[in-house]
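# Examination of the molecular architecture
Residue-level listing of the chains:
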Amino acid sequence: HASRSPSANAASRACCARAASQRSPGAGSVRDVRFVVGQERQEVFAHRCLLACRCNFFQRLLSSEPGPGVPSPVVLSTVPAEAFLVVLEFLYTNSAKLQRHSVLEVLTAAVEYGLEELRELCLEFVVKALDVELVCEALQVAVTFGLGQLQERCVAFIEAHSQETLRTRGFLELSAPALLPLLRSDKLCVDEAELVLAARSWARVGAAVLERPVAEVAAPVVRELRLALLAPAELSALEEQNRREPLIPVEQIVEAWKCHALRRGDAARGTPCRRRRGTLPREHHRFLDLPFK
């Protein structure tokens with residue numbers, strides 16, 4: 001999929017594309033900067049002057065004049081080579097061939113390098129390409145870089161495709177700040193029992209990666225689980241599992257039991273009792289104060 005910035009200019013595209021097409025150091029007099037990019041350490045050659053003129057990031061990065069002899073390469077280890085080549089393509093031609101599998105990496109580079117036009121091209125592409133497999137990765141990028149409109153689109157997509165999304169690897173790899181807006185939503189089309197299971201799976205993965213206890217990893221998000229929506233038998237089973245594998249603070253479970261005992265949704269302050277769009281009806285829900293959304 002080729003995306004083009006409105007400010008594209010045919011003459012500069014043709015000139016710069018010819019220069020960019022040279023990849024080996026043999027034509028050395030023109031391409032005067034060498035990058036070593038990504039974990040694969042791919043060599044990429046480019047034109048110092050053009051990059052500096054087109055992008056403030058590269059202007060700062062390449063501000064020192066190269067000395068005599070063969071200059072040292074500029075190492076950019078955090079950006080994948082494929083994404084970096086798309087960035088260069090944009091700088092040379094004002095257009096970019098975006099691909100679904102790498103567009104978020106290009107978007108990340110565009111944000112980090114301050115390339116607003118490329119960022120907008122990527123955002124437009126991502127919104128059109130959103131699906132169950134891509135949406136959690138897109139949400140993570142949106143939260144990380146404060147891309148509010150993209151975050152809203154991702155949350156809305158997940159609200160409409162909640163059950164499928166909870167089963168993806170991308171969901172398990174969300175950060176706590178990215179998971180919070182989902183757990184706070186009234187519009188998730190999923191029952192609370194399934195959401196508790198998903199939160200436990202998420203915390204287990206985080207605990208394995210971070211080498212921390214499950215309960216510690218889960219602490220920033222579990223308060224958003226609406227345990228009072230569970231039936232007494234479900235709450236008892238959750239309490240027993242929580243003894244074997246701590247996930248939820250005991251006082252949060254106690255608050256849920258208070259709602260059952262007093263048969264009032266506002267019985268325990270701070271206990272969320274609002275039903276979500278996907279909450280399955282249970283007998284005790286008739287005692288809760290708020291209607292279904």
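Residues numbered from 1 in each chain as written. Predicted model: local features only at pLDDT ≥ 70, side-chain atom pairs only at ≥ 80, totals over all residues. Heavy atoms only, no water.

If you look the protein up in an unreviewed UniProt entry, it shows as BTB domain containing 19 from Ovis aries.

## Quick notes on the overall build of the protein
The line we're drawing: Counting from the N terminus, the helices are DSSP H or I runs at least four residues long and the strands are E runs at least two residues long. Buried means the residue's accessible area, taken with a 1.4 Å probe over protein chains only, is under 20% of the maximum for its type, while exposed means over 50%, and partly exposed covers the values in between. It only takes one pair of heavy atoms within 4.5 Å for two residues to be counted as in contact. Using a 1.4 Å probe, accessible areas were evaluated by the Shrake-Rupley method; residue-level cover was limited to the displayed protein chains.
What the protein contains, in helices and strands, is 15 helices and five strands. Split into buried and exposed, the 293 residues of the protein put 46% on the buried side. If you take every contact in the protein between residues at least 6 apart in sequence, the share linking residues at least 24 apart comes to 65%. Accessible area for the protein stands at about 15,000 Å²; split by element, carbon and sulfur atoms hold 53% of it.

## Description of the pairing of strand S2 (residues 33-37)
Inclusion rule: Two strands qualify as a pair provided that DSSP identifies no fewer than 2 bridges between them.
With four of five residues buried, S2 lies mostly within the body of the structure. Inspection of the sheet shows S2 paired to strand S3 (residues 42-46) by five bridges, in the antiparallel sense. Pairing of Val36 across the sheet is with Glu43, part of S3. Bridging between S2 and strand S4 (residues 74-76) involves three bridges; their strand directions are parallel.

## Considering a negative patch on the surface
For clarity, the cut-off: In this analysis, a patch consists of residues with relative accessible area above 30% that form no salt bridge, clustered at 9 Å for like charges and at 5 Å for the nonpolar side chains Val, Leu, Ile, Met, Phe, Trp and Tyr. Here, a salt bridge means any Lys or Arg side-chain nitrogen found within 4 Å of an Asp or Glu carboxyl oxygen. Counting rule applied: Lys, Arg positive; Asp, Glu negative; His and chain ends not counted. For the purpose of locating charges, the reference atoms are NZ of Lys, CZ of Arg, CG of Asp and CD of Glu.
A surface patch of negative charge is lined by Glu82, Glu105, Glu133 and Glu137. You can see Glu133 is positioned in the loop between helix H6 (116-129) and helix H7 (135-145).

## Some points on the pattern of salt bridges
One pass over the full model with this rule turns up 21 salt bridges. Residues Glu194 and Arg167 are paired through a salt bridge, measuring 3.7 Å at the closest nitrogen-oxygen approach. Note that Glu194 is positioned in helix H12 (residues 192-210) and Arg167 in the loop between helix H9 (162-166) and helix H10 (169-172), a separation of 27 residues in sequence. Arg200 is the salt-bridge partner of Glu245, the closest N and O atoms lying 2.9 Å from each other. Of this pair, Glu245 sits in the loop between helix H14 (232-244) and helix H15 (250-262) while Arg200 sits in helix H12; the two residues are 45 residues apart in sequence, bridging distant segments of the chain. By sharing partners, the salt bridges in this structure join Asp186, Arg226 and Arg274 into a single network.

## What about helix H8 (residues 148-160)?
For clarity, the cut-off: In this scheme, a helix's expected span is set at 1.5 Å multiplied by one less than its residue total.
The terminal C-alpha atoms of H8, which comprises 13 residues, lie 19 Å apart, in line with the 18 Å expected from a rise of 1.5 Å per residue. What H8 keeps buried is the set Leu150, Cys154, Val155, Phe157, Ile158 and Glu159. Elements that come into contact with the buried residues of H8 comprise helix H5 (103-112), H6, H7, H9 and helix H11 (176-183).

## Focus: the nonpolar core
The following threshold applies: Only buried residues count toward a nonpolar core. Its members are Ala, Val, Leu, Ile, Met, Phe, Trp, Tyr and Cys residues joined through side-chain atoms within 4.5 Å.
Counting 87 residues, the largest nonpolar core has Phe35, Leu51, Phe58, Phe84, Leu91, Tyr113 and Leu227 as its most contacted members. In terms of residue count, the dominant contributor to this core is helix H4 (residues 81-93) (nine residues). Those residues within four positions of Phe58 in sequence are excluded, and the remaining contacts are Phe35, Leu51, Ala52, Leu76, Phe84, Leu91 and Tyr113. In this structure, Leu229, Cys259, Cys273 and Leu288 belong to the second largest nonpolar core, which totals five residues.

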